[in-house]
Amino acid sequence: MADLSTPYRTHTCGELRPTHAGSAARLSGWVHRRRDHGHLIFLDLRDRHGLTQVVVDEEEAPDAHAVASRVRSEYVVMASGTVAPRDADKVNPRLATGEVELRATDISVLAESKTPPFYINEPDAPIDEPLRLKYRYLDIRREPMLRRLLLRDRLVQAIRDVHHANGFVEIETPDLIKSTPEGARDFIVPSRLQPGSVYALPQSPQQLKQLLMVAGVDRYFQIARCFRDEDLRGDRQPEFTQLDLEMSFVDEATVMAFVEAMAIEVTRATVPERPIRETPFPRLTFGEATERYGTDKPDVRFGMELVDIGPALGGGAGEPSGFRVFDETLAAGERVKAIVAPGMASASRRETDELTEAARRHGAKGLAHLAVEGPGDVRGPIVKFLRADALRGIIERTRAEAGDLVLIVADRTDVANEVLGRLRTELGARLGLAKPDELAYCWVHRFPMYQWDAENGRWDATHNPFSGVVPEDEPLLVTASGDPATPSPADPAGRARAMQFDLALNGWEIGGGSIRINRVDLLRQSFALQGYSLDRMRNLFGAMLEAFEYGAPPHGGIALGIDRWAAVLADQPTIREVMAFPKTQSGSDLMLDAPAPPDPAQFAELGLRTVGVPDRATRD
RNA sequence: GGACCCGUGGUGUAGCGGCCCAACAUGCCAGCCUGUCACGCUGGAGAUCGCCGGUUCGAAUCCGGUCGGGUCCGCCA
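Computed from a predicted structure; not experimentally measured. (Residues numbered from 1 in each chain as written. Chains lettered and ligands numbered in written order. Predicted model: local features only at pLDDT ≥ 70, side-chain atom pairs only at ≥ 80, totals over all residues. Heavy atoms only, no water.)

A.B. asks: Got a sec to walk through the overall build of chain A? Specific residues and values, please.
C.D. replies: When its secondary structure is counted, chain A shows 15 helices and 22 strands. Counting only C-alpha atoms, chain A reaches 95 × 70 × 55 Å along its principal axes. Across chain A, contacts joining residues at least 24 apart in sequence account for 68% of those joining residues at least 6 apart. About 30,500 Å² of surface is accessible on chain A, with carbon and sulfur atoms providing 50% of the total. For chain A, the distance from the average site of its 75 positive side-chain charges to the average site of its 93 negative ones is 2 Å. (Helix = DSSP H or I, 4+ residues; strand = E, 2+ residues; numbered from the N terminus. Contact = heavy atoms within 4.5 Å. Areas by Shrake-Rupley, 256 points an atom, 1.4 Å probe, with all protein chains shown as cover. Lys, Arg positive; Asp, Glu negative; His and termini not counted. Charge placed at Lys NZ, Arg CZ, Asp CG, Glu CD.)

Shown next, in the form of structure tokens:
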């Protein structure tokens, strides 16, 4: 360790113990709290390491006492004196340093402070978030925020350790790159040297890391800043951080195995007190995930899975169930699915109305419910329509028990899954079904390669456009017509599955990866299906396409959202809580007051002027 | 682009047509206090209720707009 001793302090505010008793010490920190007893003043001195009580006795140190009596909250103070053990009845068990105190002989004010706009010394006090963001440097002085940034530091540190221990090389890639059309809107940066041209900020280092594979780097990782100009959410900021990694000469199993082992080790190093629910991580195909949980990022801490009750209703083929909505849905080839809300049979009319309203908001035409009062005693508005055996069949298939509420959606498969998936998430939270400490990782893989973009009449990559196809599905990468220029929703390509894998944690999507296409012919074929002409491909991905002519090794990797990962590990509802300086939903930095109108001189230099924006968008 | 919620002394809340030129807690200021640790006691200052407009005899309270913040939809491979 370097020698970091300074004139300002001999110890931190979290360091002194009874073993230091009798020795001289000097502390510097912020005044956390002052307790003035007239001739005796107590100062709690705080730094990021802890809190130490400083005692100033007017008889012992009149000068120090005079200084202490004019000191206020958040003043930066240096206190020198002797470490003294406290009498047994004066020990403060809530402080790590509570068995000792510093008897000050000398106190000096290093900096005064205005009264802060909110409490820094009361960790539980609620504060309006905009205020916290404006004074983020004060917010970070508060213990909860500091604790979360320290957790994030442990996370990133553990990530670096594990990667280096496994032969990965951390390489930085540029932030001024070229715009590519896939995915989100780019942030662009005008070029001064080439007026009229722009750089784009990377949405992720995707192409660059693949080029590093072509370069032979073999195992790369980076804690990379990424930028996407889309609307914000609790789990989305315009700039965010990814753990980006890529490996050569690997298959799907190798990448997933490494990421899984890495995630476990990193989790244990970061939050050793939180149990990981299941290892190896459960693996669900995309189809299973959506059928059973109604989402591709399931929270597998609790069951309450979606159940297909079609078969209990005659499946549209046999005897009709008696309830016309169900029978017509099944006859149309659509689905009737259900979830069981445990203990909610006694839900009030108001509660069931709210659930129905939520279902409608999420796109369902309605929501049927059955309250299981006891064995054979089922109540609800649709009971009178249902044949007895259909009703019995529903209870059997859903395994609903006395006291449970069965919620049923009859709709297209995607609607039924999505609606019930959302209800499951909401009810799981409301009913407290998940153990709050538990960390439930799970893999979702075998995504469809493409989804049909009805608006543009073409196939769109479901995830990364460079993702490879599952080998046995390679023949499916064609259109029905045989010409990639005339795609249709019935093309075999729609059935092709990607070597794509997402990592979910407690219902958050924290990462997505794949084995990439490393053959130029397949890459071209895949892009052609997505409606890219050869010229457009060259313009957009020229470097990649050319590089792949020079021997691209088989490779694959993943990107994990560090902010989301940290938020879940820190048990926080938004990623803002684990970012030092986040932006508001409208993309403002309330502390720096960004974005701000441009300086016209800067604009002129770049050959730019604003058009069609309000007056306030220009600065004098 | 859309839906919904929030905006009252420094902070967090209460008040939701007249009882409010606004209450409570805490913070702040002053005085007192030698063992506190959310110290205590006494006293004091501090908000025209985000902003603009309207309804009304009367608006913190109702309505419209606007600004700011949040949740969600769209968007985000």
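A.B. asks: Which residues make up the side chain of Arg274, and what values do they have?
C.D. replies: Assignment of secondary structure puts Arg274 in the loop between helix 6 (252-270) and strand 11 (283-285). Asp437 provides the closest opposite charge to the buried, salt-bridge-free Arg274, at an N-O distance of 4.6 Å. A distance of 3.0 Å separates the side chain of Arg274 from the backbone oxygen of Pro436, its partner in a polar contact. The residues contacting Arg274, other than those within four sequence positions of it, are Pro436, Asp437, Glu438, Leu439, Asn506, Val568, Leu569, Ala570 and Asp571. (Buried < 20%, exposed > 50% of the residue type's maximum accessible area, 1.4 Å probe, protein only. Salt bridge = Lys/Arg side-chain N within 4 Å of Asp/Glu carboxyl O. Polar contact = N/O pair within 3.5 Å; in protein donor to acceptor, adjacent residues only side chain to side chain.)

A.B. asks: How would you sum up helix 8 (residues 324-331)? Please name residues and give values.
C.D. replies: Taken as a whole, helix 8 has its buried residues at Phe326, Asp327, Thr329 and Leu330. For helix 8, the angular spread of the buried residues around the axis is 165°, confining them to a single face. For helix 8, exposure combined with an orientation more than 90 degrees from the buried face picks out Arg324 and Ala331. Positive backbone phi, approximately 80°, marks Gly333, located one or two places after helix 8. (Arc of directions from axis to C-beta.)

A.B. asks: Talk me through the pattern of salt bridges; I want residue IDs and the actual numbers.
C.D. replies: Counted according to the given criterion, the structure contains 49 salt bridges. Across the salt bridge formed by Glu577 and Arg132, the nearest N and O atoms sit 2.8 Å from each other. Of the two residues, Glu577 sits in the loop between helix 14 (562-569) and helix 15 (600-605) while Arg132 sits in helix 2 (residues 129-134), which places them 445 residues apart along the sequence. By the burial criterion, Glu577 is buried, and Arg132 matches it. For Asp521, the salt bridge goes to Arg519, with nearest N and O atoms at 3.0 Å. For Asp521, a relative accessible area of 43% puts it in the partly exposed group.

A.B. asks: Residue-level account of the protein's contact with RNA strand B, with values.
C.D. replies: As a structural note, the neighbourhood of RNA strand B is formed by 50 residues, with Arg33, Asp36, Arg103, Thr462 and His463 the closest of them. When the atoms of RNA strand B within 4 Å of the protein are sorted by group, sugar and phosphate make up 51%. Within the backbone of His37, a nitrogen or oxygen atom sits 3.3 Å from a phosphate oxygen of RNA strand B. In the model, a base nitrogen of RNA strand B is placed 3.4 Å from a nitrogen or oxygen of the Asp57 side chain. At the level of elements, strand 1 (24-36), strand 2 (40-47), strand 3 (50-57), strand 5 (100-111) and helix 2 are the ones that each hand at least two residues to the surface near RNA strand B. Looking at the surface near RNA strand B, the element that brings in the most residues is strand 1, giving three residues. Of the residues assigned to the surface near RNA strand B, the class counts are 12 nonpolar, 19 polar and 19 charged. (Near = heavy atom within 4 Å. Nonpolar A, V, L, I, M, F, W, Y, C, P; charged D, E, K, R; others polar.)

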